[in-house]
Amino acid sequence: MEKMLNEIIKKNKIYAKDGRVTTYIPELAKADPDALGIAIYDLQNNIFLAGDFETKFTIQSVSKVIILACALIDQGKEIVFSKVGAEPSADAFNSIVKLETRDSHKPLNPFINAGAIVCTSLVNGNSGYEKFNRVFKTIKTMANNPTIKVNEQVFISEKFTGNTNRAIAYYLKGANIINGDVEDVLDAYFKLCSVEVTVKDVAKMATIIANNGIAPWSNEAILPVDICKVLKAIMMICGLYNASGEFAVNIGIPAKSGVGGCIMSVVPNKMGIAVIGPSLDENGNSVAGLKVLENLSKELDLSIF
Ligand code: GLU
């Protein structure tokens, strides 16, 4: 397996030149555009690594999956989906336009920024710090790594440049979709985007979802099975920004990408996969990471369809 992974990484490194590292969060502009790494963790507790698997990166929108999981555990499906939809979006991830034009003002889904900010507000906790900690602890448990930290420079960079997210959150507060202190909720959201991980951490997180909530290394139930079903469904239809449909056609597995260049993928009942490649295409997805997953899906026949 590792031989095949090394070949796939080597072959696809060249595609980094077709994209760009994100710059709208200034700290993220420092990422190495040519880094490309992968980790696979399967249900038999094997880990397979190739390329730049030690590269550290911030989890960014991949955290939206865990925020949704915590909101669902804390409030239940009915309340969560009364405040956020479950439909794909053809607008940019940080778009504000549909919030005003949709009758309900509900964000389209939990993986656009508006939806993730709503889900953050729904997580248990009396303050932003408590909400952050609730999700952060779940991330560390899912990754089986207590040493995971927040990258404070990225957090500060997000907080001071996140004015579109701020506009979204205040609009949602005005529409009575989020309660509580807006800045507090935003701090939790920005901090969760700034959690620093490696592909090994993210592959393990994905494995838990692939294994219906059970950690294969301890047989402990970390997430309820019905919540894993919802996560996989939303990842499948909304996980890759505006390219979610194309990803379903070409790769065919539930996944979530982030502007740090990570793509977390779940192969139900088989394995968790994480790739990192900070050079992004126009949709915000890792250019080389997508190619790696496309090759891998073909080689191992991973599509769920
Ligand atoms: N922190 C980023 C933002 O809200 C996350 C974006 C992403 O990875 O899609 O702008």
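These lines cover the structure that appears in this document, whether it is placed above or below. (Residues numbered from 1 in each chain as written. Predicted model: local features only at pLDDT ≥ 70, side-chain atom pairs only at ≥ 80, totals over all residues. Heavy atoms only, no water.)

Digging into the overall build of the chain
The condition is simple: Only DSSP runs of H or I reaching four residues or more are called helices, and only runs of E reaching two or more are called strands; each is numbered from the N terminus. Both definitions apply: the radius of gyration is a C-alpha atom measure, and the globule rule equals 2.2 Å times residues to the power 0.38. Whether a residue is buried, partly exposed or exposed follows from its accessible area with a 1.4 Å probe, protein chains only, as a fraction of its type maximum: under 20%, in between, or over 50%, in that order. The criterion used for residue contact is that any of the two residues' heavy atoms lie within 4.5 Å. Only the protein chains shown count as cover for residues, and all accessible areas are computed by the Shrake-Rupley method using a 1.4 Å probe.
Scanning the chain for helices and strands turns up 13 helices and eight strands. Here the C-alpha radius of gyration of the chain, 18 Å, is about what a compact globule of 305 residues would show, namely 19 Å. Projected onto the principal axes, the alpha-carbon positions of the chain cover approximately 55 × 40 × 35 Å. Counting only residues that meet the buried cut, the chain has 58% of its 305 residues in that class. Within the chain, contacts between residues separated by at least 24 positions form 68% of all contacts whose residues are at least 6 apart in sequence. Surface accessibility of the chain: about 12400 Å² in total, with carbon and sulfur atoms responsible for 50%.

Describing the pattern of salt bridges
Short version of the rule: Each reported salt bridge corresponds to a side-chain nitrogen of Lys or Arg within 4 Å of a carboxyl oxygen of Asp or Glu.
In total, this model carries eight salt bridges according to the counting rule given. Between D52 and K13 there is a salt bridge, with the nearest N and O atoms lying 3.2 Å from each other. Linking D52 in the loop between β2 (47-51) and β3 (57-58) with K13 in the loop between α1 (2-12) and β1 (37-42), this pair joins segments that are 39 residues apart in sequence. Under the relative-accessibility criterion, D52 is labelled partly exposed at 28%. Two residues, E294 and K298, come together in a salt bridge whose shortest N-O distance is 3.7 Å. In this pair, E294 and K298 are both assigned in helix α13 (residues 287-300), four residues apart and thus about one turn of the helix distant. When its relative accessible area of 24% is taken as the criterion, E294 is described as partly exposed. K298 sits in the exposed class, given a relative accessible area of 60%.

Examining the pairing of strand β8 (residues 271-276)
Spelled out, the test is: Two strands form a pair only when DSSP identifies at least two bridges running between them.
Most of β8 is tucked away: six of the six residues are buried. Alternating positions in β8 separate into two faces, M271, I273 and V275 on one and G272, A274 and I276 on the other, with burial throughout. Where β1 lies against β8, six bridges are found, and the strand directions are antiparallel. Across the sheet, residue Y41 finds its bridge partner in β8, namely G272. Bridge count between strand β7 (residues 262-267) and β8: six bridges; the pairing is antiparallel. Across the sheet, M264 pairs through a bridge with A274, a residue of β8. Taking the residues between adjacent antiparallel strands as the criterion, β7 and β8 are bridged by three residues, where N269 takes a positive phi near 60 degrees.

Some details on the site of the ligand
Applicable threshold: Only a single heavy atom is needed: when it lies within 4 Å of a molecule or strand, its residue is near that molecule or strand. Identification of polar contacts relies on pairs of N or O atoms within 3.5 Å, with a donor-acceptor requirement for protein atoms, meaning one able to donate a hydrogen and the other able to accept it, and with residues adjacent in sequence counted only if both atoms are side-chain atoms. Charged means Asp, Glu, Lys or Arg here, nonpolar means Ala, Val, Leu, Ile, Met, Phe, Trp, Tyr, Cys or Pro, and polar covers whatever is left, Gly included.
Lining the immediate environment of the ligand, one finds 14 residues, of which Y24, S61, E158, Y189 and Y241 sit closest. A distance of 2.8 Å separates a nitrogen atom of the ligand from a polar atom in the side chain of Q60. One nitrogen or oxygen atom from the side chain of N165 is found 3.0 Å from an oxygen atom belonging to the ligand. Bound to the protein, the ligand loses 99% of the 300 Å² it would expose on its own. A breakdown of the residues in the shell around the ligand according to their chemical character gives seven nonpolar, five polar and two charged.

Considering the sheet that holds strand β6 (residues 255-257)
Basically, it comes down to this: Angles run from 0 to 180 degrees between N-to-C directions of axes, and those axes are lines fitted to C-alpha atoms, restricted for helices to the stretch in contact.
Sheet architecture is open: five strands sit in the order β2-β1-β8-β7-β6, paired in antiparallel fashion. With one partner strand each, in any of the chains shown, β2 and β6 form the two edges of the open sheet. Averaged over all pairs of adjacent strands, the angle between strand axes in this sheet comes to 10 degrees, irrespective of strand direction. Note: β1 against β2, five bridges, orientation antiparallel. Directly across from Y41, in β2, lies its bridge partner I47.

Details of the environment of F53
Following the sequence through the fold, F53 ends up in the loop between β2 and β3. Judged by relative accessible area, F53 falls into the partly exposed class, the value being 23%. With sequence-adjacent residues up to four places away left out, F53 is seen in contact with G37, I38, T198, V199 and K200.

Some words on the nonpolar core
Cut-off, in case you're wondering: Only buried Ala, Val, Leu, Ile, Met, Phe, Trp, Tyr and Cys residues count toward a nonpolar core, and they belong to the same one when joined by side-chain atoms within 4.5 Å.
One finds I139, V195, I209, L231 and M264 to be the most contacted residues of the largest nonpolar core, which totals 75 residues. V195 has contacts with F57, T58, I59, F132, F136, I139, I148, K149 and V150, leaving out every residue within four places of it along the chain. Counting residues in hydrophobic clusters, the runner-up holds 24 residues, among them I38, I251, I253 and L290.

Describing unusual backbone geometry
A positive phi angle, near 55 degrees, is found at N144, a position not held by glycine. Structurally, N144 is set in the loop between α6 (128-143) and β4 (149-150). The backbone phi angle of N219 is positive, close to 60 degrees, even though this residue is not glycine. Inspection of the secondary structure assignment puts N219 in the loop between α10 (199-210) and α11 (225-238). When its relative accessible area of 62% is taken as the criterion, N219 is described as exposed.

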